[in-house]
Amino acid sequence: MPTIVLETRVDAPRERVFDLARSVDRHVETMGHEERAIAGTTSGHLEAGDTVTWRARHFGVSMDLTVEITAMDPPRSFRDEQVSGPFATLVHEHRFEALNDDRTLMRDEFHFTSPAGPLGMLVDKLVLRRYLRRLLESRNRSLRSIAEDGTADEE
């Protein structure tokens with residue numbers, strides 16, 4: 001199963017970064033790919049047991065992805081897993097480590113597999129892994145900017 005691991009240092013308190021990362025509204029704001037929440041929890045903060053269906057356009061194709069928040073340990077971590085969508089499997093672990101001076105290490109572990117067996121594995125290796133890494137890196141840069149700005153504190 002391909003795995004993408006990202007570590008992003010954020011000059012903001014862990015609680016703020018955690019809340020921004022689980023905010024549906026901030027997710028829409030930071031994705032920039034015509035992505036929106038269309039079902040389930042469509043605004044506010046995601047909590048354990050919540051589901052959200054995202055509609056996005058990638059590679060010129062509109063697709064829906066429904067995930068469930070399957071674990072939540074505020075403000076340390078949460079996990080979302082695909083319930084239905086384009087992947088054979090998708091699990092995204094979000095972890096937040098408090099560092100000195102109100103700084104946070106945000107760690108993403110994104111596990112995925114495409115459908116279609118060997119062909120899907122080839123697509124994962126040649127295209128999808130790089131594409132998803134760039135997408136997650138871009139989102140993390142946006143989240144970091146919002147968190148460090150401090151004007152968008154979540155309630």
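Residues numbered from 1 in each chain as written. Predicted model: local features only at pLDDT ≥ 70, side-chain atom pairs only at ≥ 80, totals over all residues. Heavy atoms only, no water.

Chemist: Can you walk me through the sheet that holds strand β2 (residues 36–40) in this structure?
Modeler: In a beta sheet, neighbouring strands are held together by backbone hydrogen bonds and run either parallel or antiparallel to one another. Strand order in the open sheet made by the seven strands is β1-β7-β6-β5-β4-β3-β2, with antiparallel pairing throughout. The sheet is open, and its two borders are formed by β1 (3–10) and β2, each paired with just one other strand. Each strand of the sheet is rotated relative to its neighbour by a mean of 25 degrees, with strand direction disregarded. Pairing between β1 and strand β7 (residues 103–113): eight bridges, direction antiparallel. By the bridge assignment for β7, Thr-8 is matched with Met-106. Each of β1, β4 (61–73), β5 (77–84), β6 (89–99) and β7 touches helix α1 (residues 14–21); the most contacted strand, β6, lies at about 160 degrees to it. (Pairing = 2+ DSSP bridges. Helix = DSSP H or I, 4+ residues; strand = E, 2+ residues; numbered from the N terminus. Axes fitted to C-alpha atoms, helices over the stretch in contact; angles between N-to-C directions. Contact = heavy atoms within 4.5 Å.)

Chemist: Honestly, the pattern of salt bridges in this entry has me stumped. Any pointers?
Modeler: If charged atoms from side chains of opposite charge come close, those side chains can pair. All chains considered together, the criterion is met by 13 salt bridges. Between Glu-7 and Arg-107 there is a salt bridge, with its nearest N and O atoms 2.6 Å apart. Here Glu-7, found in strand β1, pairs with Arg-107, found in strand β7; they are 100 residues apart in sequence, far enough to count as distant. For Arg-107, a relative accessible area of 26% corresponds to the partly exposed category. (Salt bridge = Lys/Arg side-chain N within 4 Å of Asp/Glu carboxyl O. Buried < 20%, exposed > 50% of the residue type's maximum accessible area, 1.4 Å probe, protein only.)

Chemist: Just checking my understanding: could you explain the nonpolar core for this structure?
Modeler: When a protein is soluble and globular, its nonpolar side chains tend to lie buried together. Ile-4, Val-17, Phe-96, Phe-110, Phe-112 and Leu-132 are the most contacted members of the largest nonpolar core, which totals 31 residues. Counting only elements with at least two residues in this core, the list comes to β1, α1, α2 (24–31), β3 (51–58), β4, β6, β7 and α3 (117–149). If one sorts the elements of this core by residue count, α3 sits on top with seven residues. Those residues in contact with Phe-110, other than ones at most four positions away along the chain, are Pro-2, Thr-3, Ile-4, Leu-90, Val-91, His-92, Leu-132 and Leu-136. (Core = buried A, V, L, I, M, F, W, Y, C linked by side-chain atoms within 4.5 Å.)

Chemist: Explain the packing of α2 against α3 here, please?
Modeler: Angle between the axes and distance between the axes: these two values describe a pair of packed helices. Between α2 and α3, whose axes approach to 9 Å, the crossing angle comes to 120 degrees. With respect to their mutual orientation, α2 and α3 come out oblique. Crossing angle aside, the handedness with which α2 passes α3 is right-handed. Along its contact with α2, which presents Arg-26, His-27, Glu-29, Thr-30 and Met-31, the element α3 presents Leu-135, Arg-139, Ser-142, Leu-143 and Ile-146. (Parallel < 35°, antiparallel > 145°, perpendicular 65-115°, else oblique. Left-handed = near helix turned anticlockwise from the far one by under 90°.)

Chemist: Honestly, the packing of α1 against α3 in this entry has me stumped. Any pointers?
Modeler: Remark: α1 packs on α3, axes separated minimally by 10 Å, with the N-to-C direction vectors making an angle of 130 degrees. Regarding the angle of α1 to α3, the classification is oblique. When the axes of α1 and α3 are compared, the crossing they make is right-handed. In this structure, α1 uses Arg-16, Val-17, Leu-20 and Ala-21 to contact α3, whose residues at the interface are Arg-139, Leu-143, Ile-146 and Ala-147. Tallied by class, the residues present in the contact of α1 with α3 amount to six nonpolar, no polar and two charged. (Nonpolar A, V, L, I, M, F, W, Y, C, P; charged D, E, K, R; others polar.)

Chemist: For this particular structure, what's the right way to read a nonpolar patch on the surface?
Modeler: On the surface, Phe-59, Leu-119, Leu-122, Val-123, Leu-126 and Val-127 cluster together into a nonpolar patch covering about 560 Å² of accessible area. With respect to the secondary-structure elements, Val-127 resides in helix α3. (Patch = residues over 30% accessible without salt bridge, like charges linked within 9 Å, V, L, I, M, F, W, Y side chains within 5 Å. Areas by Shrake-Rupley, 256 points an atom, 1.4 Å probe, with all protein chains shown as cover.)

Chemist: What am I meant to see in the packing of aromatic side chains here?
Modeler: What characterises a pair of aromatic rings is the spacing of the ring centres plus the angle enclosed by the ring planes. In total, this model carries six aromatic pairs according to the counting rule given. Look at Phe-59 and Tyr-131: their rings are 4.3 Å apart centre to centre, the planes differ by 40 degrees, and that puts the pair in the tilted class. With a gap of 72 residues between them, Phe-59 in the loop between β3 and β4 and Tyr-131 in helix α3 connect regions that are remote in the sequence. A ring pair is formed by Phe-110 and Phe-112, whose centres lie 6.0 Å apart and whose planes are at 45 degrees; its orientation type is tilted. Grouping residues by exposure puts Phe-110 and Phe-112 together as buried. Each member of the aromatic cluster is reached from another via a ring pair, and the members are Phe-18, Phe-78 and Phe-96. (Phe/Tyr/Trp six-rings, centres within 6.5 Å; stacked < 30°, edge-to-face > 60°.)

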